[in-house]
Amino acid sequence: MTTIVTTGEQEVKCDSCNSDALYKYGKIRNGKQRFICLMCGKQFTPDAGKTHIQGKPICPECGKTMNLYKIEGEVIRFRCSGYPKCRTFKKFRIVEE
């Protein structure tokens, strides 16, 4: 038996694998429902103010790509993919298009 989770009138599916095998997994700070996918294990909150990032910066110290580390209000922090060996990070302001 498959349980399809819905929020209002919208059917919820995993962002990563598009599966509908989900469990409710608590709530985030602003009260929106969080889910966990039973197929791939990803945790997500549908429509939780997603920020789309085009491209990743290059670490100025070692030349590796940097990964998204944290979004704090209007600031995005990237950390070097060579962490913990390289501890470089960069901050960027979110620009609305």
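These notes cover the structure that comes with them. (Residues numbered from 1 in each chain as written. Predicted model: local features only at pLDDT ≥ 70, side-chain atom pairs only at ≥ 80, totals over all residues. Heavy atoms only, no water.)

**Observations regarding the overall build of the chain**
Phase 1: When you go through the chain residue by residue, the secondary structure sums to zero helices and eight strands.
Phase 2: Across the 97 residues of the chain, 26% fall into the buried class.
Phase 3: Sequence-distant contacts, at least 24 apart, represent 18% of the contacts inside the chain between residues at least 6 apart.
Phase 4: When the accessible area of the chain is evaluated, it comes to approximately 7600 Å², of which 47% is carbon and sulfur surface. (Helix = DSSP H or I, 4+ residues; strand = E, 2+ residues; numbered from the N terminus. Buried < 20%, exposed > 50% of the residue type's maximum accessible area, 1.4 Å probe, protein only. Contact = heavy atoms within 4.5 Å. Areas by Shrake-Rupley, 256 points an atom, 1.4 Å probe, with all protein chains shown as cover.)

**Description of the state of the cysteines**
Phase 1: The full count for this structure, using the stated rule, is zero disulfides.
Phase 2: Looking at the unpaired Cys14, the closest cysteine sulfur is the one in Cys40, lying at 3.6 Å. (Disulfide = S-S within 2.5 Å.)

**Focus: the sheet that holds strand β5 (residues 43-44)**
Phase 1: An order of β3-β4-β5 is seen for the three strands of this open sheet, with the pairing classed as antiparallel. Each edge of the open sheet carries a strand with a single partner, namely β3 (22-27) and β5.
Phase 2: As paired elements, β3 and strand β4 (residues 33-37) share four bridges and run antiparallel to each other. Opposite Lys24, over in β4, you have Phe35 as the bridge partner. (Pairing = 2+ DSSP bridges.)

**Some thoughts on the environment of Cys80**
Phase 1: Among the structural elements, Cys80 can be located in strand β7 (residues 75-80).
Phase 2: With sequence-adjacent residues up to four places away left out, Cys80 is seen in contact with Cys59, Cys62, Lys64, Thr65, Met66, Cys86 and Thr88.

**A closer look at the packing of aromatic side chains**
Phase 1: With the rule as written, the count across this model stands at two aromatic pairs.
Phase 2: On the basis of an interplanar angle of 80 degrees and a centroid distance of 5.7 Å, the ring pair of Phe78 and Phe92 is categorised as edge-to-face. Within this pair, whereas Phe78 is found in strand β7, its partner Phe92 is found in strand β8 (residues 89-93), the two being separated by 14 residues in sequence.
Phase 3: Geometry around Phe89 places Arg77 over its ring, the cationic atom sitting 4.5 Å from the centre. (Phe/Tyr/Trp six-rings, centres within 6.5 Å; stacked < 30°, edge-to-face > 60°. Lys NZ or Arg CZ within 6 Å of the ring centre and 35° of its normal.)

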